[in-house]
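# Reading the structure
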Amino acid sequence: MNVAVIGLGYWGPNLLRNIYELHRTDRLIACDLDPNKIQKIQSRYPAIETEIDYRNVLADPRVDAVFIATPVSFHASLGEEALRAGKHIFVEKPLAASVKEVEELIETAKTKNKILMVGHTFEYSPPVLKIKEILSSGQLGDIYYLSSSRVNLGLHQKDVSVIWDLAPHDFSTIFFWLDEEPNRISAAGKDFVQKGIPDVAFINLEFPSGAIAHVQVSWLSPSKLRRTTIVGSEKMLVYDDTENIEKVKIYDKGVDYKDPETFGEYQLSYRTGDVVSPKLDTYEPLRREMEHFLNCCETGEKPKTDGYNGLRVVKALELAEESLRSGGRAIEL
Ligand SMILES: NC(=O)c1ccc[n+]([C@@H]2O[C@H](COP(=O)([O-])OP(=O)(O)OC[C@H]3O[C@@H](n4cnc5c(N)ncnc54)[C@H](O)[C@@H]3O)[C@@H](O)[C@H]2O)c1
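So, here's what we can say about the structure. (Residues numbered from 1 in each chain as written. Predicted model: local features only at pLDDT ≥ 70, side-chain atom pairs only at ≥ 80, totals over all residues.)

## Details of the site of the ligand
Contacts to the ligand come from 22 residues, most closely from G7, G9, Y10, W11 and E92. For the shell around the ligand, the residue count by class is 11 nonpolar, six polar and five charged. (Near = placed C-beta within 6 Å. Nonpolar A, V, L, I, M, F, W, Y, C, P; charged D, E, K, R; others polar.)

If you want it as structure tokens, here you go:
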């Protein structure tokens, strides 16, 4: 296959490196409108072709697929153009800047019979997949709630709020784990540093199953946290992505409630047992993700993170942002 990576800022070079190291492409083209970005790539990978104008990439009939890692505001227009030019597309998260744009991309991909995949990297990561396995086995019992923190100092974005920048990771992961979309969303937050661009947000989600979730995202926090707690009726789990080895811990802890025989005699007993940290695979999620996309392009298989997977995340982002901007009003889906 011949592929191109469009957008070589902070994230694009990671895509490029993984595709390069897979050795599965005949031609690999690196494209960015900024000559400095091109120069950096040329010095690191002298054998890779480069291009300043993405239109030349799309006009080249030998290019089969493009990876889009530009700012979110360009995802839809670039994606549409690429699909119409007959290319399969991989688009970084979030798939586009609105539900309407995502729906159009899905429709064009269908009409052109091309693969559309979104870069929800965490859905390919070993701890997230292990947690999915644990939840599916039922060992945590009924899921009561999830609480997630994704905070650090920076990187402030110029075109989107912290919700659009960081919450796609938590939303895609939580929806994947629970296998459902929220039916109610509310969010509070503020634009402390750049006016009009919220840099901290506290998002609440409610799901049809009865589970609730709280997602905290911030570019304004003294230390890096990537931590999710899942509390079930039987056990509890903590996923800390900043840990090197024991990223996932299952706590055999809980509370048992016995119905009272007479009024006022109810009993609560707290359980505390073993803490288990399951063994995790060690591959790089991005590598697995790139591989999956190339497989889908070759075989026509539906990507695990397809357009609809991107749509449910963008829908939730749009509503969370709307709630934040309307003072925290809860929105029903
Ligand atoms: N999966 C992840 O974990 C992850 C992590 C970080 C960023 N991202 C996503 O990656 C995307 C890019 O983010 P970033 O932080 O790298 O942004 P960035 O601003 O650092 O880089 C974007 C690059 O795109 C280039 N560009 C813009 N328009 C272009 C065009 N028309 N043609 C060619 N080049 C163009 C810019 O010159 C810039 O170099 C975003 O969607 C972001 O959400 C994903």
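## Considerations on the pairing of strand β8 (residues 184-190)
Two strands pair when backbone bridges link them, and β8 and strand β9 (residues 200-206) are joined in this way by seven bridges, in the antiparallel orientation. Directly across from G189, in β9, lies its bridge partner A201. Pairing analysis gives two bridges linking β8 to strand β15 (residues 331-332), with the strands arranged antiparallel. Within β15, the position partnered with I185 by the bridge is I331. (Pairing = 2+ DSSP bridges. Helix = DSSP H or I, 4+ residues; strand = E, 2+ residues; numbered from the N terminus.)

## Comments concerning helix α1 (residues 12-22)
Every buried residue belonging to α1 is among G12, P13, L15, L16 and I19, and all of these are buried. The arc enclosing the buried residues of α1, seen along the axis, measures out at 155 degrees, which places them on a common side. (Buried ≥ 20, exposed ≤ 12 C-beta atoms within 10 Å, placed from the backbone. Arc of directions from axis to C-beta.)

## Focus on the sheet that holds strand β1 (residues 2-6)
If you walk across this open sheet you meet the six strands as β3-β2-β1-β4-β5-β6, and the pairing is parallel. For this open sheet the edge positions go to β3 (49-51) and β6 (116-119), each flanked by a neighbour on one side alone. Averaged over all neighbouring strand pairs, the angle between strand axes comes to 20 degrees, with direction disregarded. Examined bridge by bridge, β1 and strand β4 (residues 65-68) share four bridges and lie parallel to one another. (Axes fitted to C-alpha atoms, helices over the stretch in contact; angles between N-to-C directions.)

## Overview of the packing of helix α6 (residues 126-137) against helix α7 (residues 162-178)
Between α6 and α7, whose axes approach to 9 Å, the crossing angle comes to 30 degrees. By the criterion of interaxial angle, the relationship of α6 to α7 is roughly parallel. The crossing of α6 and α7 is right-handed. Counting all contacts with α6, which are made through V128, I131, K132 and L135, the residues of α7 involved are T173, F176 and W177. Partitioned by chemical class, the residues of the contact of α6 with α7 number five nonpolar, one polar and one charged. (Parallel < 35°, antiparallel > 145°, perpendicular 65-115°, else oblique. Left-handed = near helix turned anticlockwise from the far one by under 90°. Contact = placed C-beta atoms within 7 Å.)

## Quick notes on the sheet that holds strand β7 (residues 143-153)
Strands sit in the order β14-β13-β12-β11-β7-β10-β9-β8-β15 across an open sheet of nine strands; the sheet is mixed. Sheet topology places β14 (267-276) and β15 at the edges, where each strand pairs with a single neighbour. α7 rests against β7, β8, β9 and β10 (212-218) of the sheet, and its axis sits at about 150 degrees to β10.

## Remarks on the nonpolar core
Soluble globular proteins tend to pack their nonpolar side chains together in the buried interior. Residues V5, I6, V66, I163 and A320 are the most contacted members of the largest nonpolar core, which totals 87 residues. Per element, the largest residue contribution to this core is 11 residues, and it comes from α7. Each of domain 1 (2-114) and domain 2 (123-284 + 315-332) accounts for three or more of the residues forming this core. (Core = buried A, V, L, I, M, F, W, Y, C linked by C-beta atoms within 7 Å. Domains from an automatic or database assignment.)

## Brief notes about unusual backbone geometry
Most peptide bonds take the trans form, and the phi angle of most residues other than glycine is negative. K93 connects to P94 through a cis peptide bond whose omega is -15 degrees. Cis geometry marks the peptide bond from G154 to L155, where omega comes out at -15 degrees. Turning to its location among the elements, L155 is positioned in the loop between β7 and α7. Positive phi outside glycine occurs at N113, with the angle close to 55 degrees. Take N113: there are 10 C-beta atoms within 10 Å of it, and that puts it in the exposed class. In the Ramachandran plot, D179 falls in the positive-phi region, its phi being about 60 degrees despite a non-glycine side chain. Within the secondary structure, D179 sits in the loop between α7 and β8.

Everything listed here is a matter of geometry and, on its own, says nothing about what the molecule does.
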